[in-house]
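Structural overview for review
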Amino acid sequence: MCFSAAASFTAGAALSAVGVLTVRRSRGAAELPVALVPLLFGIQQITEGVVWLGLDNDLPRVTSWATYVYSMFSHVLWPFFVPFAILLVETSRRRRKILSGFVLLGLGVALYLLFFIVRFPVIARVAGRSIFYDSPHFYIGAVIVIYLLATCVSGLFSSHRCISIFGALAFILAIAAYQVSAQTFVSVWCFFAAILSLLILIHFSGPMQSCRPALAHLRARDASCPSGGPSGRARRPTERETP
């Protein structure tokens with residue numbers, strides 16, 4: 001696939017428009033992070049368009065700034081934000097506990113990568129028809145595994161079908177992108193994942209509406225009686241609240 005400034009700007013504009021729709025269809029603070037995913041991917045793709053312009057027109061300062069902004073999305077935001085957003089809309093207590101573990105994994109790898117982004121320069125350069133983001137850090141194999149666990153595998157534990165499909169397809173495309181070119185993995189996979197975020201619009205077009213009563217009930221119960229009920233005894237979960 002040929003990537004360019006035009007491709008990045010086009011994808012970014014489309015995803016931003018979809019993101020505005022999903023944000024408008026969301027309700028409450030719990031749904032907002034998931035709704036923001038397409039919009040954030042749109043901003044990231046527009047940023048990569050700026051990286052392309054900097055590289056194509058020999059503008060090192062523009063390239064440098066855009067590269068760091070892009071890296072904050074790809075390396076720092078997504079490994080924490082994705083499992084956190086999934087956790088907030090989850091209605092199953094058991095799955096929420098599992099997703100909390102993914103949030104911690106994502107936070108750990110995000111902070112680890114942030115340290116190297118701050119400590120060492122991130123260099124962007126054209127490799128073939130994609131961009132190679134050179135961000136040196138140790139234990140690259142382990143980092144990639146934890147990163148994929150947080151951003152892809154976490155979605156498989158969601159009780160929402162669209163989110164599970166997103167996680168499964170993102171994981172498959174991550175493997176495909178790495179097999180095609182390990183060097184440009186970040187750019188290629190983020191592009192594919194950005195397109196997959198269109199599933200969030202489908203999610204807010206129907207499935208999210210059906211689970212809102214259960215989600216609201218769970219939030220209210222957690223706020224009023226953390227131990228399970230007024231008497232302190234655990235209440236049997238409803239069908240909607242279980243996996």
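Residue positions are counted from 1 within each chain, in the order its sequence is given. Predicted model: local features are reported for residues with pLDDT of at least 70 only, side-chain atom pairs are reported and counted for 80 or more only, and whole-chain, interface and lining totals are derived from all residues. Think of the side-chain values as coming from all heavy atoms in the structure, minus any hydrogens and water.

Some details on the overall build of the protein chain
So the rule is basically this: The helix and strand labels rest on DSSP assignments: H or I over at least four residues marks a helix, E over at least two residues marks a strand, and numbering proceeds from the N terminus. Think of it in three bands: with a 1.4 Å probe and only protein chains considered, a residue is buried below 20% of the maximum accessible area for its type, exposed above 50%, and partly exposed in between.
Of the regular secondary structure elements, the protein chain holds nine helices and two strands. Taken from the N to the C terminus, the helices and strands of the protein chain come in the order α-α-α-α-β-β-α-α-α-α-α. Of all 243 residues assigned to the protein chain, the portion counted as buried reaches 48%.

Topic: the packing of helix α2 (residues 28-56) against helix α3 (residues 60-88)
Selection criterion: Note on method: axes are straight lines fitted to C-alpha atoms, helices fitted across the in-contact stretch only, with angles between N-to-C directions ranging 0 to 180 degrees. Angles are sorted into four bins: roughly parallel if under 35 degrees, roughly antiparallel if over 145, roughly perpendicular if 65 to 115, and oblique for all others. Helix crossings are classified by the rotation of the near helix relative to the far one: an anticlockwise turn of less than a right angle makes the crossing left-handed, while a clockwise turn makes it right-handed. Nonpolar residues are Ala, Val, Leu, Ile, Met, Phe, Trp, Tyr, Cys and Pro. Charged residues are Asp, Glu, Lys and Arg, and all others, Gly as well, are polar.
The N-to-C vectors of α2 and α3 enclose an angle of 160°; their axes lie 9 Å apart at closest approach. One element, α2, and the other, α3, form an angle in the roughly antiparallel class. The chirality of how α2 crosses α3 is left-handed. Here the contact of α2 with α3 is composed, by residue class, of 24 nonpolar, six polar and one charged.

Things to note about the nonpolar core
To keep it simple, the criterion reads: Within this scheme, the nonpolar core is defined by two criteria: the residues are buried Ala, Val, Leu, Ile, Met, Phe, Trp, Tyr or Cys, and they are joined through side-chain atoms within 4.5 Å. Any two residues whose heavy atoms approach within 4.5 Å at even a single point are treated as in contact.
By size, the foremost hydrophobic cluster in this structure holds 50 residues, and its most contacted members are Phe41, Trp78 and Trp189. Looking at which element gives the most residues to this core, the answer is α3, with nine residues. Ignoring sequence-local partners within four residues, the contact set of Trp189 consists of Tyr147, Leu148, Thr151, Cys152, Ala170, Leu173, Ala174 and Ala177.

Focus: the packing of aromatic side chains
What counts is decided by this rule: Ring pairs are drawn from Phe, Tyr and Trp, using the six-membered ring of Trp, whenever the two centres fall within 6.5 Å, and their geometry is named by plane angle: stacked under 30 degrees, edge-to-face over 60, tilted for the rest. Think of it as a cone above the ring: NZ of Lys or CZ of Arg counts as a charge over the ring if it is within 6 Å of the ring centre and within 35 degrees of the ring normal.
What the rule picks out here adds up to 12 aromatic pairs. Between Phe80 and Phe84, the aromatic rings sit 5.5 Å apart at their centres with planes inclined by 15°, giving stacked as the arrangement. With Phe80 and Phe84 both in helix α3, this residue pair falls four residues apart, about one helical turn. We classify Phe80 as partly exposed; its relative accessible area is 28%. When the ring of Phe116 is compared with that of Phe120, the centres are 5.9 Å apart and the planes differ by 20°; the resulting orientation is stacked. Residue Phe116 is classed as buried on the basis of its relative accessible area of 6%. Chaining the aromatic ring pairs together yields one cluster made of Tyr112, Phe115, Phe116 and Phe120. The ring of Phe120 is capped by Arg119, whose NZ or CZ atom sits 5.0 Å from the centre of that ring.

Quick notes on the side chain of Ser74
Within the secondary structure, Ser74 is located in helix α3. With a relative accessible area of 2%, Ser74 lands in the buried category. Beyond its immediate sequence surroundings of up to four residues, Ser74 is in contact with Gln44, Pro79, Tyr147, Val186 and Cys190.

Some remarks on the confidence of the model for the protein chain
Condition: Confidence of the predictor at the level of single residues is given by pLDDT, which spans 0 to 100.
Chain-level statistics for the protein chain give a pLDDT mean of 83 and a share of 84% at 70 or above. In this model residues 227-236 is a low-confidence stretch, pLDDT under 50, and it forms 10 contacts with partners more than four residues away in sequence or in other chains. Within the model, the stretch residues 238-243 combines pLDDT values under 50 with 15 contacts to residues more than four positions away or in other chains.

Remarks on unusual backbone geometry
Residues other than glycine seldom take positive phi values, yet Asp58 does so here, at roughly 55°. Its place among the elements puts Asp58 in the loop between α2 and α3. Asp58 gets classed as exposed once you look at its relative accessible area, which sits at 64%.

Brief notes about helix α4 (residues 93-119)
Applicable threshold: A helix is expected to span 1.5 Å for every residue after the first.
In this model α4 runs 39 Å from its N-terminal to its C-terminal C-alpha over 27 residues, within 8% of the 39 Å that 1.5 Å per residue would give. Every buried residue belonging to α4 is among Arg95, Arg96, Leu99, Phe102, Val103, Gly106, Val109, Ala110, Leu113, Phe116 and Ile117, and all of these are buried.

A look at helix α6 (residues 161-180)
The end-to-end C-alpha distance of α6, which contains 20 residues, comes to 28 Å, matching closely the 28 Å that a straight helix rising 1.5 Å per residue would cover. Here α6 has its buried residues at Cys162, Ile163, Ser164, Phe166, Gly167, Ala170, Ala174 and Ala177.

A short note on the pattern of salt bridges
Note the following rule: For salt bridges, the criterion is a side-chain nitrogen of Lys or Arg within 4 Å of an Asp or Glu carboxyl oxygen.
Considering all chains together, one arrives at one salt bridge under this definition. Across the salt bridge formed by Arg125 and Asp134, the nearest N and O atoms sit 4.0 Å from each other. The partly exposed category is assigned to Arg125, whose relative accessible area is 38%. On the accessibility criterion, Asp134 (28% relative accessible area) is partly exposed.

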